[in-house]
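Examining the three-dimensional arrangement
Listed here are the chains, written in short residue letters.
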Amino acid sequence: QQQVKQSPQSLIVQKGGISIINCAYENTAFDYFPWYQQFPGKGPALLIAIRPDVSEKKEGRFTISFNKSAKQFSLHIMDSQPGDSATYFCAASTETSGSRLTFGEGTQLTVNP
Amino acid sequence: NAGVTQTPKFRVLKTGQSMTLLCAQDMNHEYMYWYRQDPGMGLRLIHYSVGEGTTAKGEVPDGYNVSRLKKQNFLLGLESAAPSQTSVYFCASSSGPMDRVIKTQYFGPGTRLLVL
């Protein structure tokens, strides 16, 4: 049972464009929504995270948009660069699950120069 | 400060063989996790530990066992490897739920396992 659904599976964007990755969740008890970035041959690393008490969080070129009523959240990468080419995972957790995360399927982003 | 390290980096096993994957962290984290990563399936939690001497099942625990005898180490064992266990295995650690603000998991570099 996949509690966090991620799309698209792969995404190709031109340099300078906007990359958008979407996630939808089912469990309304989720209260923490991080995004992880993974480069080839490396482990995932936290990129940015949001809690449901805000609708948007921005860190540099990376923005999370959160829609609690639709149970959806998305990652926007502005001015995408070839160095952003990686696999991105959305995730979610509940307060009662401690630090355990439920991950989406992942999106392989390619930014062409 | 090495963070999270995993041993070995790559291993080939024959069906039925056993092996142990070692994870070590030097951040004094309470929580440790083992995931497997397969194409199109994201990261799936195998087992996790909320402290020294404790272990718990995750989403896909069958065929695996774990031990956390020391706070800094988390071992993942395969008693009788099967081709379905061919995957990339990641270990992660976190400070735990005590600090509600920070739930970051720190991942190791992964172990690529091929079971023939």
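Quick summary incoming for the structure in this document. All figures in this text were calculated on a predicted structure; none of them were measured in a lab.

**Examining the overall build of chain A**
When helices and strands are counted, chain A shows zero helices and eleven strands. The order of α-helices and β-strands along chain A, N terminus first, is β-β-β-β-β-β-β-β-β-β-β. Relative to the 2.2 N^0.38 estimate, which gives 13 Å for 113 residues, the radius of gyration of chain A is 13 Å and therefore close to what a compact globule would have. Expressed as lengths along the three principal axes of its C-alpha atoms, the size of chain A is roughly 45 × 30 × 20 Å. Within chain A, the proportion of its 113 residues that are buried is 49%.

**A few points about the nonpolar core**
The nonpolar side chains of a soluble globular protein tend to be buried, and buried together. Counting residues in hydrophobic clusters, the biggest one holds 24 residues, and the most contacted among them are Phe33(A), Trp35(A), Phe73(A), Leu75(A) and Tyr88(A). Listing elements by their share of this core, those giving two or more residues are β2 (10-14), β3 (19-25), β4 (30-38), β5 (45-50), β7 (62-67), β8 (72-77), β9 (86-94) and β11 (107-112) of chain A. Counting residues per element, this core draws most heavily on β9(A), which supplies four residues. In contact with Leu75(A), other than residues within four places in its own chain, are Ser19(A), Ile20(A), Ile21(A), Trp35(A), Leu47(A), Ile48(A), Phe62(A), Thr63(A), Ile64(A) and Tyr88(A). Leu13(B), Cys23(B), Leu76(B) and Ala81(B) belong to the second largest nonpolar core, which has 18 residues in total.

**With respect to the environment of Leu113(B)**
Residue and element names in this part refer to chain B. Position of Leu113 relative to the elements: it lies in strand β11 (residues 111-115). Sequence separation between Leu113 and Gln85 is 28 residues; the distance between their C-alpha atoms is 7.7 Å. Leaving out residues up to four positions away in the same chain, Leu113 has contacts with Arg11, Leu13, Met19, Leu78, Gln85, Thr86, Ser87 and Tyr89.

**A short note on the sheet that holds β3(A)**
Residues and elements named next belong to chain A. One open sheet holds the five strands; their spatial order is β1-β3-β8-β7-β6, and the pairing between them is antiparallel. Looking along the sheet, the strands with just one partner apiece sit at the ends: β1 (4-7) and β6 (56-59). With strand direction ignored, the average angle separating the axes of adjacent strands in the sheet is 15°. As judged from the four bridges shared by β1 and β3, these two strands associate in the antiparallel manner. By the bridge assignment for β3, Lys5 is matched with Ala24.

**So, the packing of aromatic side chains**
Within a pair of aromatic rings, the relevant descriptors are the distance that separates the centres and the angle that separates the planes. One pass over the structure, following the stated rule, counts 19 aromatic pairs over all chains. Taking 5.7 Å as the distance between ring centres and 65° as the angle between the ring planes, the aromatic pair formed by Tyr36(A) and Phe103(A) counts as edge-to-face. Residue Tyr36(A) is located in strand β4, and its partner Phe103(A) is located in strand β10 (residues 102-103); the two are separated by 67 residues in the primary sequence. Here the two residues Tyr36(A) and Phe103(A) agree in accessibility, since each one is buried. With 5.5 Å between their ring centres and 90° between their planes, Phe103(A) and Tyr35(B) make a pair best called edge-to-face. Of this pair, Phe103(A) sits in strand β10 while Tyr35(B) is found in strand β4 (residues 31-37), placing the two residues in two different chains. A residue is classified by how much of its surface remains accessible, and Phe103(A), at 2% relative accessible area, is buried. Each member of the aromatic cluster is reached from another via a ring pair, and the members are Tyr36(A), Phe89(A), Phe103(A), Tyr31(B), Tyr33(B), Tyr35(B), Phe90(B) and Phe107(B).

**Examining the pattern of salt bridges**
Residues and elements named next belong to chain B. This structure, assessed with the given rule, holds six salt bridges over all chains. With a closest N to O distance of 2.9 Å, Lys71 and Glu30 form a salt bridge. You can see Lys71 sitting in the loop between β7 (64-67) and β8 (73-78) and its partner Glu30 sitting in the loop between β3 (19-25) and β4, a full 41 residues away along the chain. Accessibility expressed as a relative area gives 19% for Lys71, which makes it buried. Judged by relative accessible area, Glu30 falls into the partly exposed class, the value being 32%. For Arg44, the salt bridge identified is with Asp38, shortest N-O distance 2.9 Å.

Parameters at a glance
- Residues numbered from 1 in each chain as written.
- Chains lettered and ligands numbered in written order.
- Predicted model: local features only at pLDDT ≥ 70, side-chain atom pairs only at ≥ 80, totals over all residues.
- Heavy atoms only, no water.
- Helix = DSSP H or I, 4+ residues; strand = E, 2+ residues; numbered from the N terminus.
- Rg over C-alpha atoms; globule rule 2.2 N^0.38 Å.
- Buried < 20%, exposed > 50% of the residue type's maximum accessible area, 1.4 Å probe, protein only.
- Core = buried A, V, L, I, M, F, W, Y, C linked by side-chain atoms within 4.5 Å.
- Contact = heavy atoms within 4.5 Å.
- Pairing = 2+ DSSP bridges.
- Axes fitted to C-alpha atoms, helices over the stretch in contact; angles between N-to-C directions.
- Phe/Tyr/Trp six-rings, centres within 6.5 Å; stacked < 30°, edge-to-face > 60°.
- Salt bridge = Lys/Arg side-chain N within 4 Å of Asp/Glu carboxyl O.

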